[in-house]
Amino acid sequence: MNFFAEAEQVEKVVGNAFQEFLTTYHRPLMIAAIIICAVILNWVLRRLLMRAVTQIVRGVKRAQDVDTTSEMQSAPYVNARAVQRTRTLGTVGRVLITWIIAIIAMILILNQLGVNLGAVLTSAGIVAAGLAFGAQNLVKDILNGIFMVFEDQFGVGDYVTTGEISGTVEDVGIRVTQVRAIDGTLWFIRNGEILTLGNSSQGWGRALVDVTVDAHQDLGNVSELMVESAQALMRSEKYARKVTGEPEVLGLESVFGDRATLRLAVRTRPEAQWEVQRGIRAEIRRRFKDADIKLADELPKQQGGQK
């Protein structure tokens, strides 16, 4: 009986000590619990969001039987834009999740510290109004970034041109967009400063090839060889999926002295126009050499007089 009495006494002492510990350190423990829960919830929600984004992207690619977004067949290009838009919204969503959870955790922590939340929220509203007035550029950046994402002006992976900067969009933030230029430079562009934007990844592209030859040659024959060169390129395995339209010579682009410039155009998939242009130029040069047609840079210098 003494054993059980002693055990009961020890249990009461431990229970009282634990209760006293909780009473003494209630607030610090609650604050620590809020922080831990906020970190875990943020990690879980971000993981779920990115998993959903990955599943959507994989599903669309699997349906199209492609490895990259730019290779997707579309009617008209809805699937490729769905992938890019999903990635962009996923990037923005991660930022929003972090900020929302951080604000809620801060409010709960202040409540545990006994701070008057009504007064804090009122003061925060006044401060926010003052900051909005004094930091108009920041507000402009945020609002412009939100509208650009939801209007699908561009997305992660798009090749864009804004001002003097051209490159691939790597990240779309609430305030700043990151663009990787072709030389590897990473540009940070404030969303509020994007006034004009050209997107080469939406819809379709067009390969334009200008060929300058001797104006005294049979331009009809030159045009036929240009079209044949583009058609031969379209039949190759490398370029077949990148060309979506038939090549056509738009006509005589310019005449300067004894030099005539013809322009060939062919419709391509987004972002494929530059590669197709390079391929067509190489094929045209090879066929012109076989047909003994001289390009402008191969003409004798004495033929280069002005009109």
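Everything below is about the structure shown above.
This one's a predicted model, so the numbers in the text were calculated from it and none came from an experiment. (Residues numbered from 1 in each chain as written. Predicted model: local features only at pLDDT ≥ 70, side-chain atom pairs only at ≥ 80, totals over all residues. Heavy atoms only, no water.)

1. Observations concerning empty space enclosed by the protein
To find leftover empty space, one rolls a probe the size of a water molecule over the atoms.
Here's step 1: Under the defined criterion, the tally for this structure stands at two cavities of 30 Å³ or more.
Here's step 2: One number sums up the size of the largest cavity: a volume of about 50 Å³.
Here's step 3: In terms of lining residues, the largest cavity is bounded by Val92, Gly145, Ile146, Val149, Phe150, Gly173 and Ile174.
Here's step 4: In terms of residue count, the dominant contributor to the lining of the largest cavity is helix H5 (residues 136-150) (four residues).
Here's step 5: Of the residues contributing to the lining of the largest cavity, the split by class is five nonpolar, two polar and no charged. (1 Å grid on protein atoms, 1.4 Å probe; cavity = no way out; pocket = protein on both sides within 12 Å on 5 of 7 lines; lining within 4 Å. Points joined across faces, edges and corners; volume = space filled by probe spheres on them. Helix = DSSP H or I, 4+ residues; strand = E, 2+ residues; numbered from the N terminus. Nonpolar A, V, L, I, M, F, W, Y, C, P; charged D, E, K, R; others polar.)

2. Description of the packing of aromatic side chains
Here's step 1: One pass over the full model with this rule turns up one aromatic pair.
Here's step 2: The positively charged end of Arg267 is found above the aromatic ring belonging to Trp204, 4.0 Å away from the centroid. (Phe/Tyr/Trp six-rings, centres within 6.5 Å; stacked < 30°, edge-to-face > 60°. Lys NZ or Arg CZ within 6 Å of the ring centre and 35° of its normal.)

3. Remarks on the sheet that holds strand E7 (residues 248-256)
Here's step 1: Taken in spatial order, the three strands make up an open sheet running E6-E8-E7, and their pairing is antiparallel. The sheet is open, and its two edges are formed by strand E6 (205-214) and E7, each paired on a single side. Mean inter-strand twist for the sheet, computed between neighbouring axes without regard to direction, equals 25°.
Here's step 2: Inspection of the sheet shows E6 paired to strand E8 (residues 259-268) by ten bridges, in the antiparallel sense. Across the sheet, residue Leu208 finds its bridge partner in E8, namely Ala265.
Here's step 3: The sheet strands contacting helix H6 (residues 219-234) are E6, E7 and E8, and the helix crosses E8 at an angle near 30°.
Here's step 4: Of the strands in this sheet, E6 and E8 touch helix H7 (residues 273-290), which is tilted by about 25° from E6. (Pairing = 2+ DSSP bridges. Axes fitted to C-alpha atoms, helices over the stretch in contact; angles between N-to-C directions. Contact = heavy atoms within 4.5 Å.)

4. Comments concerning the packing of H6 against H7
Here's step 1: With their axes 9 Å apart at the nearest point, H6 and H7 run at an angle of 125° to one another. Classified by the angle their axes make, H6 and H7 are oblique. Here H6 runs over H7; the crossing is right-handed. Across the interface between the two elements, Val222, Leu225, Met226, Glu228, Ser229, Ala230, Ala232 and Leu233 from H6 touch Val276, Gly279, Ile280, Glu283, Ile284, Arg287 and Phe288 from H7.
Here's step 2: Along the lines of polarity and charge, the residues of the contact of H6 with H7 split into ten nonpolar, two polar and three charged. (Parallel < 35°, antiparallel > 145°, perpendicular 65-115°, else oblique. Left-handed = near helix turned anticlockwise from the far one by under 90°.)

5. As for the pairing of strand E2 (residues 165-172)
Here's step 1: Where strand E1 (residues 159-162) and E2 come together, four bridges link them in antiparallel fashion. Bridge assignment links Tyr159 to a residue of E2, and that residue is Thr168.
Here's step 2: Between E1 and E2, which pair antiparallel and follow one another directly, the connecting turn spans two residues, one of which, Gly163, has a positive phi of 65°.
Here's step 3: A loop of three residues connects E2 with strand E3 (residues 176-181), the two strands running antiparallel in sequence.

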